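One letter stands for each residue in the lines below.
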2 protein chains.
Amino acid sequence: MSTTPYVLNFGAGPAKIPTSVLERAQSEMLNYDNSGMSVMELSHRSKTFGKILDGTKSKLKSLMDIPDNYEILFMQGGATTQFAAVFYNLVAAKQAKEGNEQEVIVDYVVSGAWSNKAAQEAERLAANERSTIKVNRVTDSKKVYGKYGSLAPEDSWQLSDPKKTAYVYYCDNETVHGVEFQQIPKVDPGVPLVADVSSNFLSRPLDVRKFGVIYGGAQKNLGPAGVSIVIIRKDLLADLNIGPVRPLMLDFKTMADNDSMYNTPPTFSIYMVGLVLEWLEDQGGLASMEKRNMAKAKKLYDVIDQSALYRSPVDVNCRSRMNVVFRLSSEALEAEFLAGVAELNMVQLKGHRSVGGIRASIYNSMPEQDVDQLIAYMNTFEKAHTSTN
Amino acid sequence: MSTTPYVLNFGAGPAKIPTSVLERAQSEMLNYDNSGMSVMELSHRSKTFGKILDGTKSKLKSLMDIPDNYEILFMQGGATTQFAAVFYNLVAAKQAKEGNEQEVIVDYVVSGAWSNKAAQEAERLAANERSTIKVNRVTDSKKVYGKYGSLAPEDSWQLSDPKKTAYVYYCDNETVHGVEFQQIPKVDPGVPLVADVSSNFLSRPLDVRKFGVIYGGAQKNLGPAGVSIVIIRKDLLADLNIGPVRPLMLDFKTMADNDSMYNTPPTFSIYMVGLVLEWLEDQGGLASMEKRNMAKAKKLYDVIDQSALYRSPVDVNCRSRMNVVFRLSSEALEAEFLAGVAELNMVQLKGHRSVGGIRASIYNSMPEQDVDQLIAYMNTFEKAHTSTN
């Protein structure tokens with residue numbers, strides 16, 4: 001076998017997985033726990049897989065300090081599937097409490113591409129419900145500032161009447177625009193707060209008690225694509241026959257009642273998530289990850305802020321510690337920058353196709369020395385371009 | 001590393017994966033195609049993953065002889081998600097053609113647990129549509145025969161008026177009850193035929209041209225759990241705004257328009273499916289698989305039919321070549337049988353928890369010698385129990 005080239009993977013997702021996790025999966029690929037089988041070959045109803053599922057849940061519970069009145073669900077279809085599931089299930093929970101005939105409002109904080117897509121899905125589903133469900137954008141950075149990258153202060157948000165509000169939704173870290181909330185938004189204690197944490201899941205401690213639902217796809221900080229984790233407060237699990245009609249597989253209560261095994265779950269992806277959680281424990285847990293992630297991000301933003309060549313399109317008060325986006329003065333220069341990093345085996349640094357520019361995703365698995373190498377290149381590139389200009 | 005014990009995996013799914021496929025995945029785990037990355041770490045928008053996706057599609061196309069007027073989609077959520085997706089999308093296709101106000105009927109052939117669940121999901125969704133959509137069970141083995149395991153002759157089926165019928169749905173192989181269709185049901189050429197082939201996918205040639213939709217989860221014959229394949233005739237792709245309201249991620253046209261990458265697809269599972277398809281090519285393709293599968297199944301059914309101890313609950317005209325279910329005279333004897341196989345490293349032979357008994361799943365990846373070992377044990381067990389009784 002040829003030697004594996006050392007690659008610095010700055011991809012936004014699917015993203016870098018800790019090498020030790022991949023090595024473990026590799027060594028167990030044909031014989032998991034002396035079963036003579038791959039994890040992929042185990043029945044999801046077998047004791048061996050049952051232990052994997054339970055272990056993954058209990059590691060997540062412990063790492064995130066998830067209270068007993070929350071369920072942990074493993075689902076499929078990524079965050080986009082959750083856009084619909086959250087709408088269906090939390091409207092149902094509200095209607096279970098207040099009755100079907102009452103007006104129900106769902107509040108969306110729109111801070112980037114993903115929360116915008118979530119709001120759009122709710123708007124489409126609500127419009128078709130021919131009902132009394134209204135979608136309210138409590139703030140929309142594009143409307144307020146003409147662009148994503150800024151975040152209106154919370155006291156300017158137009159939150160709806162708490163009595164009518166099924167939930168307040170926000171995206172804790174906007175992967176495309178590099179916008180991250182620095183604190184949990186304040187909402188009425190009677191209104192469930194919903195967070196999409198797909199791209200900063202487990203990157204720092206989060207007070208789960210403040211949320212009705214926390215969810216995220218695994219493919220950034222947690223493992224391979226193909227599994228989403230939903231953490232939901234148990235009182236929000238509504239009966240399937242209440243509220244908007246929804247596919248069985250998008251029903252939170254059905255998933256909870258069947259321990260995420262109403263049908264075959266994505267067993268191998270869940271196993272991989274378990275290995276990543278074990279790795280996180282070995283790294284000292286979330287407080288330790290937060291320190292490392294803040295240090296990595298600060299280094300990069302410092303270079304950008306002290307540079308005449310690089311520019312951050314994101315306001316200082318909402319910069320992502322996971323996805324550091326930056327621009328150069330022209331697209332031609334950005335292309336040159338990207339060609340240069342590729343030669344140094346730094347890959348997947350291109351900004352999202354909808355916005356362009358550069359994006360360095362520096363998730364939990366990204367070691368500080370890889371960030372240092374990127375910074376070294378940025379400095380060299382800048383020197384070369386300031387001396388010749 | 002300890003030696004891998006040789007295990008004979010008769011699991012119904014997730015099921016045995018060819019050893020050479022697992023070895024290949026193992027060897028490429030940390031360095032796919034000299035990228036320095038695992039397949040799990042590749043962006044779904046990268047050229048490297050694009051080649052995996054395209055290669056998987058073209059291998060499937062070639063193996064199944066899929067005509068150009070069909071789309072191949074990779075989706076998530078297993079067959080149960082497709083129960084809803086098929087209903088939503090094919091009712092939409094019918095309404096796109098006939099108008100929203102016309103009565104639409106969906107026909108279900110109910111031959112076992114899975115087609116029954118599919119019909120139930122359609123019934124639930126249709127009831128809630130407050131519309132003119134009706135669900136018709138054209139036959140239901142449980143009603144006709146009091147049990148699954150028999151199949152009413154096609155000329156007794158109560159198919160609906162073709163002008164009003166959005167589709168006729170059946171499950172080509174019922175994994176729980178071991179019931180498999182021996183030929184494709186005949187329907188009006190104007191009515192799309194839909195087949196769930198989750199548990200006999202690629203086990204034999206299938207004339208795709210006779211179908212509107214063919215779909216299946218991967219975790220029996222095709223790879224790991226977490227990806228479903230949908231093959232759909234292009235004229236059945238209806239606009240998202242027509243027909244029943246459906247989540248974006250369950251919309252076939254959205255998936256087709258985005259080459260299954262509206263959001264991040266389950267990249268590693270797709271890669272594994274590609275490896276299994278390559279293995280199938282090496283085995284001589286579907287005609288060759290059919291011969292081997294028929295030979296394996298015949299051997300097992302012969303033992304059952306010639307035995308005084310074993311009994312098949314499935315009629316000869318609809319016995320599955322994938323899931324051979326059989327009973328012994330008592331549950332105690334079945335437990336003894338299962339304890340004996342376990343000692344010989346034959347695993348996952350227990351019947352589905354809803355029906356009990358024994359189930360030997362003998363998918364493509366199951367070598368004939370493993371079936372021979374099971375047969376040898378069955379013969380020994382029978383001798384022991386006839387001499388002592």
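Remember, predicted model here, so these are calculated numbers, not experimental data.

What counts, and where the lines are drawn
Residues take numbers from 1 onward in each chain, read along the sequence in its written order. To label them, take the chains in the order written and letter them from A, then take the ligands in the order written and number them from 1. The predicted nature of this model means local features are confined to residues of pLDDT at least 70 and side-chain atom pairs, given and counted, to a pLDDT of 80 or more, with totals for whole chains, interfaces and linings taken over all residues. With hydrogens and water set aside, each side-chain value is computed from the structure's full complement of heavy atoms. Copies overlap after least-squares fitting; the atoms used are the C-alpha atoms of residues with pLDDT of at least 70 in both. The contact criterion used throughout is that any non-hydrogen atoms of two residues lie within 4.5 Å. Note that the domain bounds reflect an automated or database-derived domain assignment. Accessible-area loss on putting two parts together, using a 1.4 Å probe and summing over both, is the definition of buried area adopted here. A side-chain nitrogen of Lys or Arg and a carboxyl oxygen of Asp or Glu constitute a salt bridge if their distance falls within 4 Å. Pairing of N or O atoms within 3.5 Å defines a polar contact, subject to two protein rules: one partner must be a possible hydrogen donor and the other a possible acceptor, and residues neighboring in sequence count only if both atoms are side-chain atoms. The helix count covers DSSP runs of H or I at least four residues long, the strand count covers runs of E at least two residues long, and both are numbered beginning at the N terminus. Summary of the burial criterion: residues with accessible area below 20% of their type's maximum are buried, those above 50% are exposed, and those between are partly exposed, where the area comes from a 1.4 Å probe applied to protein chains only. The arc in question is traced by the directions running from the helix axis to the C-beta atoms. Any two strands with at least two DSSP bridges between them are considered paired. Axis definition: a line fitted to C-alpha atoms, over the contacting stretch in the case of helices. Angles run 0 to 180 degrees between N-to-C directions. For this classification, Asp, Glu, Lys and Arg are treated as charged, while Ala, Val, Leu, Ile, Met, Phe, Trp, Tyr, Cys and Pro are nonpolar and the rest, including Gly, are polar.

Asks: Quick question: what am I supposed to make of the relation of the copies chain B and chain A here?
Replies: A rotation about some axis, followed by a shift along it, carries one copy of the chain onto the other. It takes a turn of 180° to lay chain B on chain A, together with a shift of 0.0 Å along the axis; the resulting RMSD is 0.0 Å. With respect to symmetry, the two chain copies, as superposed, fit the operation of a two-fold axis. Among all residues of chain B, the one whose C-alpha sits closest to the rotation axis is Gln-26 of chain B, at a distance of 2.6 Å. When the interface residues of chain B are mapped onto chain A, 100% of them again fall at the interface, so both copies present the same face.

Asks: In this structure, what is going on with the domain arrangement of chain A? I would like to understand it.
Replies: Buried accessible area, meaning the area lost when the parts come together, often serves as the stated size of an interface. Residue and element names in this part refer to chain A. Per the domain assignment, the segments of chain A are domain 1 (8-17 + 285-387) and domain 2 (27-281). Here domain 1 and domain 2 have C-alpha centroids that lie 28 Å from each other. Contact residues are listed per partner, giving 31 residues for domain 1 and 34 residues for domain 2. When residues of domain 1 are sorted by the area they lose upon contact with domain 2, Leu-286, Cys-318 and Arg-321 head the list and together hold 24% of the total. Linking domain 1 with domain 2 are 1 salt bridge, by the criterion used here. Put simply, Glu-180 and Arg-321 hold a salt bridge, and the shortest N to O gap is 3.8 Å. For the pair domain 1 and domain 2, the interface holds 16 residue pairs in polar contact (both at pLDDT 80 or more). Mapped by element, the contributors of at least two residues to the side of domain 1 that touches domain 2 are helix H8 (285-305) and strand S11 (323-326).

Asks: In this structure, what is going on with helix H1 (residues 19-27) of chain B? I would like to understand it.
Replies: Think of an α-helix as 3.6 residues a turn; residues three or four steps apart then line up on the same face. Residues and elements named next belong to chain B. The set of residues buried in H1 consists of Val-21, Leu-22 and Ala-25. Axial view of H1: buried residues confined to an arc of 95°, hence all on one face. Buried-residue contacts for H1 involve helix H7 (267-282).

Asks: Teacher, can you tell me more about the pattern of salt bridges here?
Replies: As a working rule, side chains carrying opposite charge can pair if their charged atoms are close by. Inspection of the entire model under this criterion finds 46 salt bridges over all chains. Residue Arg-204 of chain A is joined to Glu-180 of chain A by a salt bridge in which the shortest nitrogen-to-oxygen separation is 3.3 Å. Here the residue Arg-204 of chain A occupies a position in the loop between strand S8 (193-196) and strand S9 (213-217), and Glu-180 of chain A occupies one in strand S7 (residues 179-180), the gap between them amounting to 24 residues. Here Arg-137 of chain B makes a salt bridge to Glu-123 of chain B, at a shortest N to O gap of 2.8 Å. In this pair, Arg-137 of chain B is assigned in strand S4 (residues 133-140) and Glu-123 of chain B in helix H4 (residues 113-128), connecting sequence segments 14 residues apart. Connected via shared salt-bridge partners are Arg-24, Glu-28, Lys-59 and Glu-278 of chain A.

Asks: Help me understand the pairing of strand S9 (residues 213-217) of chain B in this model?
Replies: Walk down a regular strand and you will see the side chains alternate between the two sheet faces. Residues and elements named next belong to chain B. With 5 of its 5 residues buried, S9 lies for the most part within the structure. Covered by surrounding structure in S9 are Val-213, Tyr-215 and Gly-217 together with Ile-214 and Gly-216, the residues of both alternating faces. Note: strand S8 (residues 193-196) against S9, 3 bridges, orientation parallel. By the bridge assignment, Ala-195 is partnered in S9 with Ile-214.

Asks: Looking at this model, I keep getting lost on the sheet that holds strand S2 (residues 70-75) of chain A. Mind explaining?
Replies: The pairing of strands in a sheet happens through backbone hydrogen bonds and is either parallel or antiparallel. All names here are of chain A. Spatial strand order, S2-S10-S9-S8-S5-S3-S4: 7 strands in an open sheet with mixed pairing. Two strands in the sheet have a free side with no partner beyond their single neighbour: S2 and strand S4 (133-140). Sheet twist, expressed as the average angle between the axes of neighbouring strands with direction ignored, equals 15°. With 6 bridges joining them, S2 and strand S10 (residues 228-233) adopt antiparallel strand pairing. When the sheet's bridge partners are listed, Tyr-70 is paired in S10 with Arg-233. Each of S2, strand S3 (104-110), S4, strand S5 (165-171), S8, S9 and S10 touches helix H3 (residues 78-98); the most contacted strand, S5, lies at about 160° to it.

Asks: Please clarify how the sheet that holds S9 of chain B should be interpreted in this entry.
Replies: Residue and element names in this part refer to chain B. A sheet is described by the order of its strands in space; here 7 strands give the open sequence S2-S10-S9-S8-S5-S3-S4, paired in mixed fashion. Each edge of the sheet is formed by a strand with only one pairing partner; in this case those strands are strand S2 (70-75) and S4. Across this sheet, the average inter-strand angle for adjacent strands is 15°, counted without regard to direction. Where helix H2 (residues 47-64) meets the sheet, its contacts fall on S2 and strand S10 (228-233), and the angle it forms with S2 comes to roughly 130°.

Asks: Looking at this structure, I do not really get the pairing of S8 of chain B. What am I missing?
Replies: All names here are of chain B. In S8, alternate side chains face the same way, and those of Leu-193 and Ala-195 on one face and Val-194 and Asp-196 on the other are all buried. Where strand S5 (residues 165-171) and S8 come together, 4 bridges link them in parallel fashion. Bridged to Val-168 within S8 is Leu-193.

Asks: Explanation requested: the interface of chain B and chain A in the structure shown.
Replies: If you look at the interface, chain B gives 70 residues, while chain A gives 70 residues. At the boundary of chain B with chain A, total buried surface from both sides reaches about 5,500 Å², with 59% on carbon and sulfur atoms. The largest contributions to the chain B side of the interface with chain A come from Leu-30, Met-40 and Glu-41 of chain B, which together make up 12% of the buried area. Remark: the boundary between chain B and chain A carries 0 salt bridges. The interface formed by chain B and chain A holds 21 residue pairs in polar contact (both at pLDDT 80 or more) in total. Elements that contribute at least two residues to the side of chain B that touches chain A include exactly H1, helix H3 (78-98), H4 and H7 of chain B. For the side of chain B that touches chain A, the residue count by class is 31 nonpolar, 28 polar and 11 charged.

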